[in-house]
Each structure stands twice: as structure tokens, then as C-alpha cells.
Amino acid sequence: EEEALACFDSLVREEMPKAMASSFGRFNIPFKHVLALSFLAGVPRLLDIMCGFPSGLPMRTFWTNYGLFYIHVVLFTCPMLFALSDALASSRLHYRGAREQLWLLIGTVFCGMYFYVNLVISDMLDVWARTSDIGLATYIVLAVVPSLLVLLHLSDQCPHRSRIFSVRSSSSSSNRSTLKQDRAKNDVGAPNDE
């Protein structure tokens, strides 16, 4: 009986973390919530700016100054910022005290630099797009393609529930077969309780 419990314990230790990680996904914050937060940050401003069309806001100015910028921020920069901060925070959960505070400071500075660099690059592309058709095409490609890639990659963060237990290691299957053999031995040698 103790050997069977030991086999069961080792099976749980091997399989449970994989099953839990597969069940919860790669990130602590679900992608739909990250996207909702991103939309709350950018879309109201974009809708406010669209009110300038009746007053003569040129379409090119709208797209270069605001449209592509907010597409890039809402669909690329913010989701990647959440993924980056999640990865940084969860990689050092065992830190305590001064090490934890230092890691939080480094992570905050790194995420702030990431966001700032994205804004500077977007502003540079915006200036180029106002004066050149090639700049506008480049800005469209650099705003839309990464956003689509992030949507495709991060939206697949939680696999189908049916695949949770489908990946098995050879050691866990050998533990299961040992467990079955032990049960068979105990069943054959045990007297009937009738």
C-alpha cells in the first residue's frame, strides 16, 4: 500500500504542475482582460478624435497622428507590456526582502523603457508618414503586422481542456504501470472479504 501511495505521489508531482499550467495558460492575466484594459486606454481617445471629421480633420492626419498609433498601442504595446511584466514578476516569486524590491525596481524600469521606446518609435514613424507615402506604408506595416502577431500568439494562451492530460512522460506511464502491477499483485494474493 505504501508503495502504491509513493507511485501515486510521484505521478501527482510530475503531472499536476503540467496540468495546472496548461489549464491556466501561460500568463496570469487572461488575454481578453489585457485586451479590454488596452481598449479602455486607447479607444475612447480615438473616438474623441474622430469627432474632428465634421470640422475638417484630414483622413491622412487622423491615420498618421492617431489611428495607427492607437492600433499599435492597443493591440501591440499594451499586451506585450502586460506579458513582459507578467514574465518578469513570475520569474522571481521566491525573492524576499531587498532582493524582491530590487527586482521590482528593475522590472518597473525595464517595462517603462519598453513603453517609452515604443512611443518614440511610433512618433518617429508618425512624422515620416505625414510627409511621405513610403513612410505611411511603412507605418501601416509596422503598426498592423506586430499587432496581428501578438493577437495570434497571445490569444492562444489557454489550450483546449481536452489536451491537458494528453502529454505524458515516459516515467509517469511507467509509474502507472507499476501501480497497476501492484494492484494486481494485491488483488491476487489478498483473501476475499466475503
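Peer 1: Explain the packing of helix α3 (residues 59–91) against helix α4 (residues 98–131) to me, please; I cannot follow it from the model alone.
Peer 2: Helix-helix packing: each pair is described by the crossing angle between the helix axes and the interaxial distance. Running from N to C, α3 and α4 cross one another at 160°; their axes reach a closest spacing of 10 Å. Classed by the angle they form, the pair α3 and α4 counts as roughly antiparallel. For α3 against α4, the interelement crossing comes out right-handed. The residue inventory of the contact of α3 with α4, partitioned by class, reads 14 nonpolar, 9 polar and 3 charged.

Peer 1: When you look at helix α2 (residues 31–50) in this model, what are you seeing that I'm missing?
Peer 2: Along an α-helix, residues three or four positions apart point the same way, because every turn accommodates 3.6 residues. With 20 residues, α2 should cover 28 Å at 1.5 Å per step; its first-to-last C-alpha distance of 27 Å lies within 8% of that length. Within α2, the axis deviates most sharply at Leu40, by approximately 35°, and proline Pro44 lies no more than four positions further along. Here α2 has its buried residues at Phe31, Val34, Leu35, Ser38, Gly42, Leu46 and Ile49.

Peer 1: Just to check I follow, could you spell out the side chain of Ser122 for this structure?
Peer 2: Positionally, Ser122 belongs in helix α4. A relative accessible area of 3% means that Ser122 is categorised as buried. When sequence neighbours within four positions are dropped, the list of residues in contact with Ser122 reads Phe69, His72 and Tyr139.

Peer 1: What is the right way to look at the nonpolar core in this model?
Peer 2: Soluble globular proteins tend to bury their nonpolar side chains together. Of all hydrophobic cores here, the largest spans 13 residues; its most connected members are Leu68, Phe69, Tyr70 and Tyr139. With 6 residues, the top contributor of residues to this core is α3. Excluding residues within four positions of it along the chain, Tyr139 makes contact with Thr64, Leu68, Phe69, Ser122, Leu125, Asp126 and Ala129.

Peer 1: How do you make sense of the packing of aromatic side chains when you look at a structure like this?
Peer 2: The description of an aromatic ring pair uses the distance of the two centres, along with the angle that the planes make with each other. Applying the stated criterion across every chain yields a total of 4 aromatic pairs. Ring geometry for Phe53 and Phe62: centres 5.0 Å apart, planes at 65°, overall edge-to-face. A residue is classified by how much of its surface remains accessible, and Phe62, at 3% relative accessible area, is buried. With centroids separated by 6.4 Å and ring planes inclined at 90°, the aromatic side chains of Tyr95 and Trp103 adopt a geometry described as edge-to-face. The structure contains a cluster of three or more aromatic residues connected by ring pairs, namely Phe53, Phe62 and Trp63.

Peer 1: When you look at a nonpolar patch on the surface in this model, what are you seeing that I'm missing?
Peer 2: A contiguous nonpolar patch, built from Leu102, Leu105, Ile106, Val109 and Met113 and spanning about 480 Å² of accessible area, is present on the exposed surface. Among the secondary structure elements, Val109 is positioned in helix α4.

Peer 1: Whenever I open this one, the environment of Tyr70 confuses me. Can you help?
Peer 2: With respect to the helices and strands, Tyr70 occurs in helix α3. Since its relative accessible area comes to 14%, Tyr70 is described here as buried. Considered as a pair, Tyr70 and Phe39 are 31 residues apart in the sequence and their alpha carbons are 9.1 Å apart.

Peer 1: Even after reading the chapter, I still don't get α3, so can you show me in this structure?
Peer 2: Between its first and last C-alpha, α3 extends 44 Å over 33 residues, near the 48 Å set by a 1.5 Å rise per residue. If you look at α3, its biggest bend is around 40°, right at Val73.

Peer 1: Sorry, what's going on with the pattern of salt bridges here?
Peer 2: Oppositely charged side chains can form a pair if their charged atoms are brought close together. All chains considered together, the criterion is met by 3 salt bridges. Here Asp133 ties to Arg60 by a salt bridge, and the two come within 2.8 Å at their closest N and O atoms. Remark: Arg60 occurs in helix α3 and Asp133 occurs in helix α5 (residues 133–154); sequence separation between them is 73 residues. The exposure class of Asp133 is exposed, given its relative accessible area of 57%. A relative accessible area of 31% places Arg60 in the partly exposed class. The partner of Arg130 in a salt bridge is Asp126, and the shortest N-O contact between them spans 2.6 Å. Residue Arg130 and its partner Asp126 are both found in helix α4; the two are separated by 4 residues, about one turn of the helix.

Analysis parameters
- Residues numbered from 1 in each chain as written.
- Predicted model: local features only at pLDDT ≥ 70, side-chain atom pairs only at ≥ 80, totals over all residues.
- Heavy atoms only, no water.
- Axes fitted to C-alpha atoms, helices over the stretch in contact; angles between N-to-C directions.
- Helix = DSSP H or I, 4+ residues; strand = E, 2+ residues; numbered from the N terminus.
- Parallel < 35°, antiparallel > 145°, perpendicular 65-115°, else oblique.
- Left-handed = near helix turned anticlockwise from the far one by under 90°.
- Nonpolar A, V, L, I, M, F, W, Y, C, P; charged D, E, K, R; others polar.
- Expected span 1.5 Å × (residues − 1).
- Bend = angle between axes of the 7 residues up to and from the residue.
- Buried < 20%, exposed > 50% of the residue type's maximum accessible area, 1.4 Å probe, protein only.
- Contact = heavy atoms within 4.5 Å.
- Core = buried A, V, L, I, M, F, W, Y, C linked by side-chain atoms within 4.5 Å.
- Phe/Tyr/Trp six-rings, centres within 6.5 Å; stacked < 30°, edge-to-face > 60°.
- Patch = residues over 30% accessible without salt bridge, like charges linked within 9 Å, V, L, I, M, F, W, Y side chains within 5 Å.
- Areas by Shrake-Rupley, 256 points an atom, 1.4 Å probe, with all protein chains shown as cover.
- Salt bridge = Lys/Arg side-chain N within 4 Å of Asp/Glu carboxyl O.

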